[in-house]
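Overview (structure and organization)
In case you want the letters, here they are:
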Amino acid sequence: MLLNYFKTAYRNLLRYKGYTLMNILGLSIGIAACLLIFLVIQFEINFDNFHSKKENIYRIGSMRPQPDGIIHYSGGVSFPVGPALMAEFPQVKQEARILNREGEPLTIDNPGGEKKKFKADLYYTEPEFFGMFDFEWLNGSAKTSLTQPNSIVLTKKTAEKYFGDWHSAIGKTIMHGSRKDEVYKVTGILNDVPDNTDFPFEVLVSYSALSNSDIKNMLTDWVSTWGSAYTFVELPSNVSISKFNKDLITFAKKHKPAEYAKEAYVTQPLSEMHFDEEFGNYRNHTFSKSLALALKLIGLFLILIACVNFINLATAQAVNRSKEVGVRKVLGSSRKQLAFQFLSETAIITITSLLVAIALAWLSLPFLNQLLELKIAFSLSNPAIILFLITVLIVVTFLSGTYPAVILSGFNPITALKTKITSKMAGGISLRRVLVVAQFGIAHVLIIGTLIVVSQMNYFRNASLGFDKEAIINVPIPGDSISRAKIDYLKQSLLRNSNIKNVSAAYNAPSSSSNWTSDFKFDHSTKATPFNANLKWADIDYFKTYGLQFVAGGPYQESDTVREFVINETTAHKLGFTDPKQIIGKEMNFWDGGMVAPIVGVVKDFNSNSLRDPLGSVVIAPMKGSYEGIGIKIIPGKEKETLPFIEKRWNQTYPDYVYEYSFLDKRIAEFYKQENQLAQLYKIFAFIAIFISCLGLYGLVSFMAAQRTKEVGIRKVLGATPKQIVYLLSKEFSLLIIIAFAIAAPIAYYIMHAWLQNYTYRINLSIWIFLLAIAGSMIIAWITVAYKAIKAAMANPVKNLRNE
């Protein structure tokens with residue numbers, strides 16, 4: 001009996017090939033998009049989910065309230081925090097510290113072979129770290145491999161890259177920079193870390209090696225906070241986190257100087273680390289829970305649009321199957337049997353669509369991975385994916401098939417056999433109108449949202465930042481004192497090329513994600529300022545290279561150490577000066593007399609961070625010992641021919657180090673990488689939504705044209721023009737699209753207005769964005785219905801009336 005249902009369903013679907021293909025196409029695209037969204041969310045929410053102690057691991061973060069109510073958060077804490085927590089809190093079962101230093105130069109000196117120079121992020125790690133986190137050791141262990149000073153551990157992939165076979169890497173030495181006293185011995189090999197972890201380390205160094213590094217003085221400093229110096233603790237399951245956080249406030253007051261009493265420490269569960277952009281993580285990639293919710297809703301909407309498509313087409317197709325239903329009922333079929341028959345057809349379409357969707361998702365996944373820079377795997381052996389597909393199959397079958405099955409099986413056999421079933425009786429014209437409005441309403445929300453996101457990204461791309469970012473490359477320089485002594489020689493060597501306008505050495509560019517902040521005392525005050533300044537250590541050529549403009553005073557004198565300061569307008573305003581000229585000559589005192597100098601100039605404000613953040617206080621001064629790179633201003637259009645010259649001069653100056661560079665404008669664009677990726681994703685989803693909606697629209701217009709052939713013929717005989725006929729067939733859909741837009745526009749406005757509040761600098765929600773959305777969807781809809789409408793309008797009325 002069951003086999004007979006599916007045989008009959010199969011034959012019916014083959015009989016109505018166009019209807020079947022449109023349903024399969026719409027459902028498969030909708031399911032494929034939903035499956036890809038599921039894979040992204042599944043990948044993101046499982047970050048660091050494989051650690052057995054994940055429920056008991058917490059990161060200790062820093063928070064500092066500002067007078068304006070803003071709280072500055074950091075995932076890092078002062079270096080002594082970990083051991084002090086272990087000593088003072090009995091509930092802390094163990095603590096572990098880890099510090100990431102990015103882009104450190106390493107050299108492998110192979111006897112009788114060529115030196116291998118490379119850069120890597122070094123993770124200085126305490127052995128206790130691996131007592132909390134479950135990373136697989138291929139050789140060695142945390143207890144033996146990271147206890148001795150200057151021990152280094154490599155991942156399997158890294159060891160094979162530089163030593164050929166990872167087994168042969170054990171016992172080999174790697175030199176850090178050019179310092180002979182920083183030679184590390186390979187003592188262990190880790191298996192490559194999973195893709196879904198926020199600890200993407202490849203090279204680990206024993207934490208004790210920091211006592212012989214350039215930051216050894218910070219290891220006992222309770223004031224300074226290094227953003228990448230993480231401290232993790234393991235707490236019992238029954239501990240009260242709220243009470244522990246309160247104890248941390250007292251703990252901070254006990255150890256920090258009185259003027260830093262407002263600063264506090266707070267616990268963050270490991271399960272929250274990947275989702276909290278305020279604290280950040282080592283991967284520099286977070287996935288907020290609001291974003292996860294937005295993607296879930298988009299996936300749900302796409303499935304709904306596809307199901308609505310099915311219902312629309314099925315109820316429209318019901319008129320053509322009225323005689324079939326009548327005959328079946330006369331021959332004894334019950335309504336229940338007929339309903340099951342039509343559900344069987346829906347099941348076949350859904351199963352076919354699901355198989356097509358799996359193929360589409362599999363083919364699209366490499367593109368998605370490339371777009372989002374992820375490494376998502378798709379395997380049908382994954383239980384979560386299997387459960388998702390089964391759920392989709394059941395839900396879509398019943399959601400799409402139940403209503404049409406009820407309508408089709410409910411026809412009166414006598415009425416059906418007399419062919420008096422009308423479109424209105426077959427499911428109700430009003431229902432199909434509601435469904436079309438729902439389809440295009442969802443599509444309009446996605447289109448408007450996409451247009452706003454793209455407009456905001458264009459604004460970021462083209463906004464004036466207050467400094468010159470075009471045709472400037474930044475090149476890191478080695479951090480040791482010998483290398484910094486060669487900076488002037490390198491600058492003069494580069495300036496011999498006429499294509500290079502200016503060269504400046506500095507700690508970082510005017511806008512950077514790596515910042516050095518501190519409070520200070522102003523004009524002989526005994527109290528520190530209630531705000532932090534962003535310190536930009538730079539030589540005198542910094543202002544010319546980046547085009548910074550002075551509004552008062554001028555640049556400081558050429559020097560290798562701090563003798564004078566230049567500030568921005570915001571600093572002057574925060575210190576109470578409306579006229580920047582009045583602050584010239586006032587004294588700034590950093591670090592309780594450690595650095596005292598007068599202000600000699602004020603530059604116009606520029607964005608030192610991303611455009612998400614408001615303008616902050618900036619202080620610029622020379623300090624050669626802190627320079628980490630050079631900025632090179634090239635004549636626009638001459639970049640390609642000048643880059644080889646720069647590389648050659650750099651290699652001549654620093655032969656033992658790896659040369660690399662980046663364009664400043666591209667580095668600034670990295671601030672908004674995730675938004676740009678999502679903008680591309682939203683474009684795709686909006687296209688899918690409008691495509692599926694128009695697919696259903698095309699099917700309905702085809703059905704209407706077929707059902708109204710007699711009416712069209714009579715109208716033409718009575719003198720109606722083809723233009724009037726086209727208008728007749730398309731006016732209803734145009735009205736429905738306008739109604740859908742009227743409903744969707746306020747919803748989209750509310751959602752996107754809330755999203756834009758995340759950015760200090762943002763676009764205005766112009767009416768043109770909404771008009772463009774409705775105009776675009778109307779044009780697409782008209783193009784969709786044009787072929788069938790024009791064909792019906794141009795048909796021979798005599799032939800149509802004779803056939804009727």
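Residues numbered from 1 in each chain as written. Predicted model: local features only at pLDDT ≥ 70, side-chain atom pairs only at ≥ 80, totals over all residues. Heavy atoms only, no water.

**Comments concerning the pattern of salt bridges**
Inclusion rule: When a carboxyl oxygen of Asp or Glu is within 4 Å of a side-chain nitrogen of Lys or Arg, the pair counts as a salt bridge. Buried means the residue's accessible area, taken with a 1.4 Å probe over protein chains only, is under 20% of the maximum for its type, while exposed means over 50%, and partly exposed covers the values in between.
Using the criterion set out here, one finds 20 salt bridges in the structure. Of the charged contacts in the structure, one is a salt bridge between Lys 256 and Glu 263, with a shortest N-O distance of 3.3 Å. For Lys 256, a relative accessible area of 6% translates into the label buried. Note that Asp 541 is salt-bridged to Lys 544, the shortest N-O span being 3.6 Å. Residue Asp 541 is classed as buried on the basis of its relative accessible area, which comes to 18%.

**Structural notes on helix H6 (residues 156–163)**
Inclusion rule: In DSSP terms, a helix is any run of H or I states spanning at least four residues, a strand is any run of E spanning at least two, and both are numbered starting from the N terminus. Relevant arc is that of directions from the helix axis to the C-beta atoms, nothing else. We call two residues contacting when some pair of their heavy atoms lies within 4.5 Å.
What H6 keeps buried is the set Thr 158, Ala 159, Tyr 162 and Phe 163. Take H6 and look down its axis: the buried residues cluster within an arc of 100°, on one side only. Facing away from the buried side of H6 by over 90 degrees, the exposed positions are Lys 157 and Lys 161. Against strand E3 (94–108), strand E4 (116–125), strand E6 (151–155), strand E7 (173–176), strand E8 (183–190) and strand E9 (203–206) lie the buried residues of H6. Note on H6: the residue one or two positions beyond its end, Gly 164, has a positive phi of about 85°.

**Here's the deal with the packing of aromatic side chains**
Put simply, the test is: To pair, rings of Phe, Tyr and Trp, with the six-membered ring standing in for Trp, must have centres within 6.5 Å; the planes then decide the type, stacked if under 30 degrees apart, edge-to-face if over 60, and tilted in the middle.
In this structure the tally under the stated criterion is 56 aromatic pairs. An angle of 80° between the planes, with centres 5.9 Å apart, marks the rings of Phe 50 and Phe 135 as edge-to-face. Of the two residues, Phe 50 is situated in the loop between helix H2 (17–45) and strand E1 (57–65) and Phe 135 in the loop between helix H4 (129–132) and strand E5 (137–139); the sequence distance between them amounts to 85 residues. Taking relative accessible area as the criterion, Phe 50 reaches 31% and is therefore assigned partly exposed. Overall, Phe 135 belongs to the buried group, its relative accessible area being 8%. Between Phe 129 and Phe 133 the ring centres are 4.4 Å apart and the planes differ by 20°, which places this aromatic pair in the stacked class. The two residues Phe 129 and Phe 133 agree in class, both being buried. Put simply, the rings of Phe 50, Tyr 123, Phe 129, Phe 130, Phe 133, Phe 135, Trp 137, Phe 199, Phe 201, Tyr 230, Phe 232 and Tyr 282 pair up and form one aromatic cluster.

**Focus on the confidence of the model for the protein**
Formally: The predictor attaches a confidence to each residue, and that confidence, scored 0 to 100, is pLDDT.
Confidence in the prediction for the protein averages 84 pLDDT; 85% of positions are at 70 or higher. Confidence drops under a pLDDT of 50 for residues 420–429, and excluding neighbours within four residues, the segment shows 26 contacts in the predicted structure.

**Things to note about the sheet that holds strand E13 (residues 500–506)**
Hydrogen bonds between backbone groups are what pair the strands of a sheet, and the pairing can be parallel or antiparallel. The cut-off we apply is this: Note on pairing: two strands pair once DSSP finds at least 2 bridges between them. Angles run from 0 to 180 degrees between N-to-C directions of axes, and those axes are lines fitted to C-alpha atoms, restricted for helices to the stretch in contact.
Strand order in the open sheet formed by four strands is E13-E22-E12-E23, and the pairing between neighbours is antiparallel. The open sheet terminates on both sides in strands that have one partner only, identified here as E13 and strand E23 (662–663). With five bridges connecting them, strand E12 (residues 472–476) and strand E22 (residues 629–634) associate as antiparallel partners. From the neighbouring strand, Ile 473 faces E22, where its bridge partner is Ile 632. The sheet strands contacting helix H15 (residues 487–494) are E13 and E22, and the helix crosses E13 at an angle near 165°.

**Notes on the packing of H15 against helix H18 (residues 639–653)**
Definition in use: By the definition adopted for this analysis, an angle is roughly parallel if under 35 degrees, roughly antiparallel if over 145, roughly perpendicular if from 65 to 115, and oblique otherwise. Helix crossings fall into two classes, left-handed where the near helix is turned counterclockwise from the far one by less than a right angle and right-handed where it is turned clockwise. All amino acids are sorted into three groups, where Ala, Val, Leu, Ile, Met, Phe, Trp, Tyr, Cys and Pro are nonpolar, Asp, Glu, Lys and Arg are charged, and the leftover types, Gly among them, are polar.
Relative to each other, H15 and H18 sit at 150°, their axes nearing to 10 Å. With respect to H18, the axis of H15 lies roughly antiparallel. Crossing geometry of H15 relative to H18 is assigned as right-handed. Residue-level contacts link Tyr 489, Leu 490, Ser 493 and Leu 494 of H15 to Phe 645, Ile 646, Arg 649, Trp 650 and Thr 653 of H18. Class assignment for the residues of the contact of H15 with H18 results in six nonpolar, two polar and one charged.

**Things to note about the side chain of Asp 541**
Put simply, the test is: Definition of a polar contact: a pair of N or O atoms within 3.5 Å, with one able to donate and the other able to accept a hydrogen when the atoms are protein atoms, and with sequence-neighbouring residues admitted only if both atoms are side-chain atoms.
Looking at the element boundaries, Asp 541 is found in the loop between strand E16 (533–537) and helix H16 (542–545). Here Lys 491 takes part through its side chain, which lies 2.7 Å from a polar atom of the side chain of Asp 541. Not counting residues within four places of it along the chain, the set of residues in contact with Asp 541 comprises Lys 491, Val 503 and Ser 504.

**Comments concerning the nonpolar core**
Rules: Put simply, a nonpolar core is a bunch of buried Ala, Val, Leu, Ile, Met, Phe, Trp, Tyr and Cys residues held in one set by side-chain atoms that sit within 4.5 Å of each other.
Grouped together as the largest cluster of nonpolar side chains are 117 residues, with contacts concentrated most on Leu 39, Leu 295, Leu 548 and Ile 620. Of all the elements, H2 adds the most residues to this core, at 17 residues. Leu 548 has contacts with Gly 466, Phe 467, Tyr 542, Phe 543, Val 603, Phe 606 and Ile 620, leaving out every residue within four places of it along the chain. Counting 45 residues, the second largest nonpolar core, distinct from the first, contains Ile 473, Ala 533, Val 602 and Leu 643.

**Overview of the side chain of Thr 231**
Mapping Thr 231 onto the fold places it in strand E10 (residues 229–234). With residues near it in sequence (within four places) discarded, Thr 231 still touches Tyr 58, Arg 59, Ile 60, Val 77, Gly 82, Glu 95, Ala 96 and Arg 97.

**Quick notes on the pairing of E16**
Burial analysis of E16 places five of its five residues in the buried class, the great majority of the element. A two-sided burial pattern is seen for E16, the buried positions comprising Ala 533, Leu 535 and Trp 537 on one face and Asn 534 and Lys 536 on the other. Pairing between strand E14 (residues 516–518) and E16: three bridges, direction antiparallel. Bridged to Thr 517 within E16 is Asn 534. In this structure, E16 lies alongside strand E21 (residues 618–621), joined through four bridges in parallel fashion. Looking across to E21, one finds that Asn 534 is bridged to Val 618.

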